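Fold and geometry: a report
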Amino acid sequence: MSSRRNFLQKITASAIALQIPDFVLGAQEEVIPQEPYEGPVLRVAIMGLGSYGNRVAGAMQASQKAKLVGAISGTPSKLKDWQSKYGIPEKNCYNYENFDALKNNPDIDAVYIITPNALHKDQAIRVANAGKHVICEKPMSINAKDGQAMIDACKKNNVKLLVGYRMHFEPKTLEIIRMRKNGELGKVLFFQGLCGFIIGDPTQWRLKKELAGGGAMMDIGIYAINGARYMIGEEPIWVTAQETKTNPEKFKPGVDETIQFQLGFPSGAVASCLSTYSLNNLDRFFLNGDKGFAEMLPSTGYGPIKARTNKGELDYPHVTHQTVQMDEMAGIILEGKKPIVPVDGEEGLKDLKIIDAIFLAAKTGKKVPLKL
Ligand code: NDP
């Protein structure tokens, strides 16, 4: 048997064991020839043509169920560039002043908001009022109050609100969740999430409270919060937090450099996490139960994700996270598919409630109770 056939069989067997949805394998174009797709396609406009917007646009080219058809930007030269690069027609291009006119454009179904965090709320509400589905990058907004306003606006306009939690579709993440649900790790009592990188340019929006809503926590610490919830499989009931700042010049008031925090869960499980803008090589999840463990290192980067459990290395092919995410989100919006781990506004809101509580706990030094 050829090694290619062996490989394909291995992937297929893994997929069956994992119950990985077919979209995951569909993204492996170099491995499995794709069947021509004839189902519904989500027509997406991206708002904010920055670093991550470009990554999503590139990844969407390989998506079967989502197609990039529009762009919203404050920079006319980027719109010109995207028009020629992705074949976007002029009539599907907008700026931040005129995008309410999306309501008169029947060729766009959804807008993917990939702008600085503090802008998400108003932009999402305007998109919802234009009658378009909203996909919004993490953090969904900069506090729970704003997050709730986004949910309310989407409900009122009868459009969906999804948050760009790409790890919720990542095969190794899903396998560890399956193992935990299946009792293979036993009673889980501990999770550790370490998330950070050394942030560069001190003038960037990520270091401005009015645009970022905070510092490392909003940007990278949120992965540990979200990961603690999907890895442990419960919602936290209390939080404690400690903040340290070694560079107050770079990290102004309201912009957190480093926060350690702990989350307590109803079963008695505890998560111990670190969020920082001052350490590199910090992208590790560790989940421990009385029968086994799972370690992911790296755990949330663009990949390949590496993961092992007490049973050995998890050996599944790398998929481009954003391609899979867009295929799956199209399925959620157009076909009512239910993801294994939710990516809706309520999911985004839970993380924002926890972030609000972490900031309060860090400020007061007190244990803050949570009700999600
Ligand atoms: P960038 O700074 O690279 O891009 C943001 C873009 O937003 C800009 O290029 C600009 O695009 C637009 N924009 C509109 N108003 C402003 C403003 N006042 N200041 C700066 N930019 C503005 O940021 P990223 O792409 O890295 O991040 C954007 C969002 O995506 C954030 O919420 C971040 O958390 C999230 N993100 C998510 C990742 C993930 O893995 N899920 C990874 C990276 C980021 P234009 O010129 O077109 O208007």
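Per chain, residue numbering runs from 1 following the sequence as it is written. Predicted model: local features are reported for residues with pLDDT of at least 70 only, side-chain atom pairs are reported and counted for 80 or more only, and whole-chain, interface and lining totals are derived from all residues. To obtain the side-chain values, all non-hydrogen atoms of the structure were included, while hydrogens and water were left out.

**Let's talk about the pairing of strand 8 (residues 238–244)**
Of the pairings in the sheet, the one linking strand 8 to strand 9 (residues 258–264) comprises seven bridges and is antiparallel in character. Considered in strand 9, the bridge of Ala241 is made with Phe261. Pairing of strand 8 with strand 15 (residues 368–369) involves two bridges; the strand directions are antiparallel. Pairing of Val239 across the sheet is with Val368, part of strand 15. Any two strands with at least two DSSP-identified bridges between them are counted as paired. Labels follow the DSSP assignment, with helices taken as runs of H or I lasting at least four residues and strands as runs of E lasting at least two, numbered in each case from the N terminus.

**A look at unusual backbone geometry**
Residue Pro139 is bonded to the preceding Lys138 through a cis peptide linkage, with omega at -15°. Secondary-structure assignment places Pro139 in the loop between strand 5 (133–136) and helix 6 (144–156). At Asn158, a residue that is not glycine, the phi angle is positive and equals roughly 60°. Positionally, Asn158 belongs in the loop between helix 6 and strand 6 (161–163).

**Description of helix 6**
Three or four residues apart is the spacing at which side chains of an α-helix point the same way, because the helix has 3.6 residues per turn. An expected span of 1.5 Å times one less than the residue number is assigned to each helix. Helix length check: helix 6, at 13 residues, gives a terminal C-alpha distance of 18 Å against a target of 18 Å (1.5 Å per residue), a fit within 8%. Residues of helix 6 that are buried: Ala144, Asp146, Gly147, Met150, Ile151, Ala153 and Cys154. In this analysis, two residues are considered to be in contact whenever any of their non-hydrogen atoms come within 4.5 Å of each other. Residues of helix 6 that are buried sit in contact with helix 5 (120–129), strand 5, strand 6 and helix 11 (345–364). Here a polar contact is recorded for every N or O atom pair within 3.5 Å, except that within protein the pair must consist of a potential hydrogen donor and a potential acceptor, and residues adjacent in sequence are included only if both atoms are side-chain atoms. Looking at where helix 6 begins, the residue whose side-chain oxygen comes 3.2 Å from the main-chain nitrogen of Lys145 is Asn143. A positive backbone phi angle near 60° is found at Asn158, which sits one or two residues after helix 6. For every residue, the accessible area (1.4 Å probe, protein chains only) is compared with the maximum for its type, and the residue is labelled buried under 20%, exposed over 50%, or partly exposed between those bounds.

**What to know about the pattern of salt bridges**
By convention in these notes, a salt bridge is any Lys or Arg side-chain nitrogen within 4 Å of a carboxyl oxygen on Asp or Glu. Using the criterion set out here, one finds 22 salt bridges in the structure. For Asp100, the salt bridge identified is with Arg126, shortest N-O distance 2.7 Å. Remark: Arg126 occurs in helix 5 and Asp100 occurs in the loop between strand 3 (93–94) and strand 4 (110–113); sequence separation between them is 26 residues. Owing to a relative accessible area of 26%, Arg126 belongs among the partly exposed residues under this scheme. Put simply, Asp351 and Arg229 hold a salt bridge, and the shortest N to O gap is 2.8 Å. Of this pair, Asp351 sits in helix 11 while Arg229 is found in helix 9 (residues 216–232), placing the two residues 122 residues apart along the sequence. Arg229 matches Asp351 in its accessibility class, with the two residues each being buried.

**Considerations on the sheet that holds strand 10 (residues 270–276)**
Pairing between sheet strands relies on hydrogen bonds along the backbone, with the strands arranged either parallel or antiparallel. Overall, mixed pairing links the nine strands, which are arranged 14-13-12-11-7-10-9-8-15 in an open sheet. If you trace the sheet from one side to the other, it starts and ends with strand 14 (312–313) and strand 15, each paired once. For helices, the fitted line uses only the C-alpha atoms of the stretch in contact; every axis is such a line through C-alpha atoms, and the angle between N-to-C directions lies from 0 to 180 degrees. Strands strand 7 (188–196), strand 11 (282–289), strand 12 (293–296) and strand 13 (307–309) of the sheet are contacted by helix 7 (residues 171–181), whose axis makes an angle of about 165° with strand 12. Against the sheet, helix 11 contacts strand 8, strand 9 and strand 15, and its axis sits at roughly 55° relative to strand 8.

**Quick look at the site of the ligand**
Only heavy atoms are used to decide nearness, and a residue is near a molecule or strand if one of them lies within 4 Å of it. Surveying the vicinity of the ligand reveals 27 residues, the closest of which are Ser73, Thr75, Lys78, Tyr96 and Arg166. A distance of 2.6 Å separates an oxygen atom of the ligand from a polar side-chain atom of Tyr96. Within the side chain of Tyr223, an N or O atom sits 3.1 Å from an oxygen atom of the ligand. Per-residue and other accessible areas follow the Shrake-Rupley method at a 1.4 Å probe size, with only the shown protein chains counted as cover for residues. Summarising the interface, the protein chains cover 81% of the accessible area of the ligand, which totals 900 Å² for the free molecule. Those elements that place two or more of their residues in the shell around the ligand are helix 3 (51–60) and helix 9. In the shell around the ligand, the residues fall into eleven nonpolar, ten polar and six charged. Nonpolar residues are Ala, Val, Leu, Ile, Met, Phe, Trp, Tyr, Cys and Pro. Charged residues are Asp, Glu, Lys and Arg, and all others, Gly as well, are polar.

**Examining the nonpolar core**
Note on soluble globular proteins: their nonpolar side chains tend to be buried together. As used here, the term nonpolar core means buried Ala, Val, Leu, Ile, Met, Phe, Trp, Tyr and Cys residues forming a set that is joined through side-chain atoms within 4.5 Å. Ranked by size, the top nonpolar core spans 109 residues in total, and within it Ile46 and Phe261 carry the most contacts. In terms of residue count, helix 9 provides more of this core than any other element does, twelve residues in total.

**Some remarks on the packing of aromatic side chains**
Any two rings among Phe, Tyr and Trp, with Trp reduced to its six-membered ring, count as a pair given centres within 6.5 Å; such a pair is stacked if its planes are under 30 degrees apart, edge-to-face if over 60, and tilted if neither. The final tally for this structure, using the stated rule, is seven aromatic pairs. An aromatic cluster is built from Phe191, Tyr230 and Phe285, whose rings are joined through pairwise contacts. We call a charge positioned above a ring when the Lys NZ or Arg CZ atom is no farther than 6 Å from the ring centre and deviates by at most 35 degrees from the ring normal. Of note, Arg126 hangs over the ring of Phe99, and the distance from its end group to the ring centre comes to 3.8 Å. Its end group placed over the ring of Trp238, Lys367 keeps NZ or CZ at 4.4 Å from the ring centre.

Just distances and angles here, no functional claims.
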